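If you want the building blocks of each chain, they are given just below.
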Amino acid sequence: MALRELDQYDDRDLQRVLDDLKVSKTELTGAVRRGAFPKLLLPRMLHALGLPGERIKAMYPSVAADLSRVCAQCPETARCRKELDGHTAAAGYGEFCLNSTTLEALQADFANEAKPGPDEEVPK
């Protein structure tokens, strides 16, 4: 059904959608065929890793878009969903998640942000 909806777009409108998503038509149709739903899985993964999804979108919009694009292309969506449902994703995502390197960098970035600077007092 979703593929038929894509076919209903004229070329110019479809190109705008592809540009907004920063994906090719092949990538988009592949994601639709696989049933990849990054809008559902990615926020859950960010939450499982303790990452602030909305802050990532605001601070790093291109990184957020890339995370979504990569997630949509992932062949491991069934495993991702299973790991998220079983609350084991945070421990094992590095084994299957194509975004693992970026997610690890974001974790390090936000962990460093939480550390007090040299002039700040450590709460007791």
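Residues numbered from 1 in each chain as written. Predicted model: local features only at pLDDT ≥ 70, side-chain atom pairs only at ≥ 80, totals over all residues. Heavy atoms only, no water.

**Focus: the overall build of the protein**
- Looking only at helices and strands, the protein features nine helices and zero strands.
- Scanning the protein from its N terminus toward the C terminus, one meets helices and strands in the order α-α-α-α-α-α-α-α-α.
- Residues classed as buried in the protein amount to 30% of the 124 residues present.
- Taking contacts inside the protein between residues at least 6 apart in sequence as the whole, the part at least 24 apart equals 72%.
- Per element, the accessible surface of the protein, about 8500 Å² overall, is 54% carbon and sulfur. (Helix = DSSP H or I, 4+ residues; strand = E, 2+ residues; numbered from the N terminus. Buried < 20%, exposed > 50% of the residue type's maximum accessible area, 1.4 Å probe, protein only. Contact = heavy atoms within 4.5 Å. Areas by Shrake-Rupley, 256 points an atom, 1.4 Å probe, with all protein chains shown as cover.)

**Description of the pattern of salt bridges**
- Scanning the entire structure with this criterion turns up six salt bridges.
- The residue Asp13 makes a salt bridge to Arg16 at a minimum N-O spacing of 3.4 Å. You can see Asp13 and its partner Arg16 sitting in helix 2 (residues 11-21), three residues apart, about one turn around the helix.
- Look at Asp13 and you get partly exposed, because its relative accessible area is 28%.
- Via salt bridges that share partners, Arg79, Glu83 and Glu95 belong to a single interconnected network. (Salt bridge = Lys/Arg side-chain N within 4 Å of Asp/Glu carboxyl O.)

**Describing helix 2**
- Between the side-chain oxygen of the N-cap and the backbone nitrogen of Arg12 there are 3.1 Å, and the N-cap of helix 2 in question is Asp10.
- Positive phi appears at Lys22, one or two residues downstream of helix 2, with a value of about 60°. (Polar contact = N/O pair within 3.5 Å; in protein donor to acceptor, adjacent residues only side chain to side chain.)

**A few points about the confidence of the model for the protein**
- Taken as a whole, the protein shows an average pLDDT of 83; of its residues, 81% reach a score of 70 or greater.
- For the protein, helix 1 (residues 2-7) is the element with the lowest average pLDDT, namely 69, and helix 8 (residues 89-92) is the one with the highest, namely 96. (pLDDT = per-residue confidence, 0-100.)

**Some thoughts on the nonpolar core**
- Counting 19 residues, the largest nonpolar core has Met45, Leu51, Ile56, Tyr93 and Leu103 as its most contacted members.
- If you tally residues by element for this core, the top one is helix 4 (residues 38-48), at four residues.
- Setting aside residues no more than four positions away along its own chain, Met45 makes contact with Cys80, Leu84, Ala89, Tyr93, Phe96 and Leu103.
- In this structure, Leu6, Leu14, Leu18 and Leu28 belong to the second largest nonpolar core, which totals five residues. (Core = buried A, V, L, I, M, F, W, Y, C linked by side-chain atoms within 4.5 Å.)

**Thoughts on helix 6 (residues 61-73)**
- Taking 1.5 Å per residue as the helical rise, helix 6 with its 13 residues ought to reach 18 Å, and the 19 Å between its terminal C-alpha atoms agrees with that figure.
- If you check which residues of helix 6 are buried, you get Ala64, Leu67, Val70, Cys71 and Ala72. (Expected span 1.5 Å × (residues − 1).)

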